[in-house]
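Inside the fold
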Amino acid sequence: MITVTETIEKIERLDKKRAKEHVGKEILRSSITLKVFRANRAVGEAARYDTFEVPVQRSTTVLDALLWAKQNTDHSIGIRYSCRMASCGSCGMKINGIPRLACYTKMSELEGSTITCEPLANFPHLRDLVTDFSQFFAHHKDMKPYIQNSDADLDASQITKLSEYLQMPEDVDRFLQFSYCIKCGLCYSACPTVAMDIKFPGPQALGQAYRYFADSRDTAPKERLDLVDEKHGIFRCHFAGSCSTVCPKGVDPALGIQLLRGHLLGFSKNEKKVAELKDRSKA
Ligand code: SF4
Ligand code: FES
């Protein structure tokens with residue numbers, strides 16, 4: 001299992017690799033054409049693409065360019081964003097066909113003189129670049145993304161041995177990378193199984209199921225496995241791996257899914273063995 005230090009090193013390596021690739025391939029321009037998907041579903045508007053000429057500098061991000069177009073050319077462009085630093089997970093969209101965070105994608109790292117911005121696939125479309133995350137968050141909530149501990153003493157008035165959740169660093173190593181998820185939905189948008197089955201929880205929710213399953217403070221591992229082991233559940237994953245490729249935070253949901261599957265198969269085998277032994281004892 002990957003340690004905390006290894007996880008931090010991995011993220012640093014990813015950032016350095018990104019920066020290195022970026023420097024080598026940096027495309028400097030003074031302006032760019034933004035091609036933006038437009039449609040307001042609430043009033044049944046037909047989809048179209050609008051183009052905007054936007055001045056850019058070396059550090060201009062796609063979000064900066066969209067906000068420039070919104071401020072100076074067309075106030076009605078629908079965009080969702082908040083932190084502008086890859087933390088809130090609000091600004092996900094397809095940029096030149098790939099799910100990315102608009103605030104974390106610099107113009108200088110994109111090829112071509114026209115940059116196309118479209119809403120994320122696999123989410124119901126609302127307006128322009130804004131999609132509906134209700135189903136995505138419902139899948140996340142279904143996984144009970146919080147510690148369940150039947151032994152915990154929740155009486156805040158007294159400190160007992162059970163009112164603190166003690167963990168060793170190696171316990172944290174088991175789930176740390178999965179806790180970096182910002183719920184941006186890029187993995188969900190890239191998942192071919194979600195595209196075919198909206199009841200499939202998707203890589204984000206399954207990654208979080210593993211995150212809490214692997215947490216030594218949690219006492220409901222069996223219930224968590226039961227949650228994902230159903231008709232539209234974890235075994236629908238084809239292991240395309242696109243979820244992990246597009247994740248901007250270095251989370252590897254595909255790995256979480258495989259680890260969870262391993263536990264599930266282990267459980268099933270054990271249960272099968274117990275059932276066989278019971279059958280033999282009856283004979
Ligand atoms: S796993 Fe990565 S891509 Fe998926 S929601 Fe979390 S941060 Fe976004
Ligand atoms: S604006 Fe928060 S992640 Fe991009």
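Further up the page is the structure itself.
What counts as what
- Residues numbered from 1 in each chain as written.
- Chains lettered and ligands numbered in written order.
- Predicted model: local features only at pLDDT ≥ 70, side-chain atom pairs only at ≥ 80, totals over all residues.
- Pairing = 2+ DSSP bridges.
- Helix = DSSP H or I, 4+ residues; strand = E, 2+ residues; numbered from the N terminus.
- Axes fitted to C-alpha atoms, helices over the stretch in contact; angles between N-to-C directions.
- Core = buried A, V, L, I, M, F, W, Y, C linked by C-beta atoms within 7 Å.
- Buried ≥ 20, exposed ≤ 12 C-beta atoms within 10 Å, placed from the backbone.
- Contact = placed C-beta atoms within 7 Å.

Points about the pairing of strand β4 (residues 98–101)
Where strand β3 (residues 92–95) and β4 come together, four bridges link them in antiparallel fashion. Its bridge partner being in β4, Gly92 is matched across the sheet by Leu101. From the end of β3 to the start of β4, which pair antiparallel, there are two residues, and Asn96 there has a positive phi angle of about 50°.

Observations concerning the sheet that holds strand β5 (residues 114–118)
What links the strands of a sheet is backbone hydrogen bonding, and the strands pair in either a parallel or an antiparallel sense. Taken in spatial order, the five strands make up an open sheet running β2-β1-β5-β3-β4, and their pairing is mixed. The open sheet has two edge strands with one neighbour each: β2 (48–55) and β4. Pairwise comparison of adjacent strand axes, ignoring direction, gives a mean angle of 35° for this sheet. Direction of pairing for β3 relative to β5: antiparallel, over a ladder of two bridges. Within the sheet, the bridge partner assigned to Ile95 lies in β5 and is Cys117.

Quick notes on the nonpolar core
Within the largest apolar cluster, 53 residues are counted, with the highest numbers of intra-cluster contacts made by Leu34, Ala65, Leu66 and Ala209. Secondary-structure elements contributing two or more residues to this core are β1 (31–38), α2 (62–72), β5, α5 (186–190), α7 (202–213), α8 (221–228) and α10 (253–282). No other element matches the six residues that α7 contributes to this core. The residues contacting Leu34, other than those within four sequence positions of it, are Thr51, Phe52, Val54, Ala65, Leu66, Ala69, Ile115 and Cys117.

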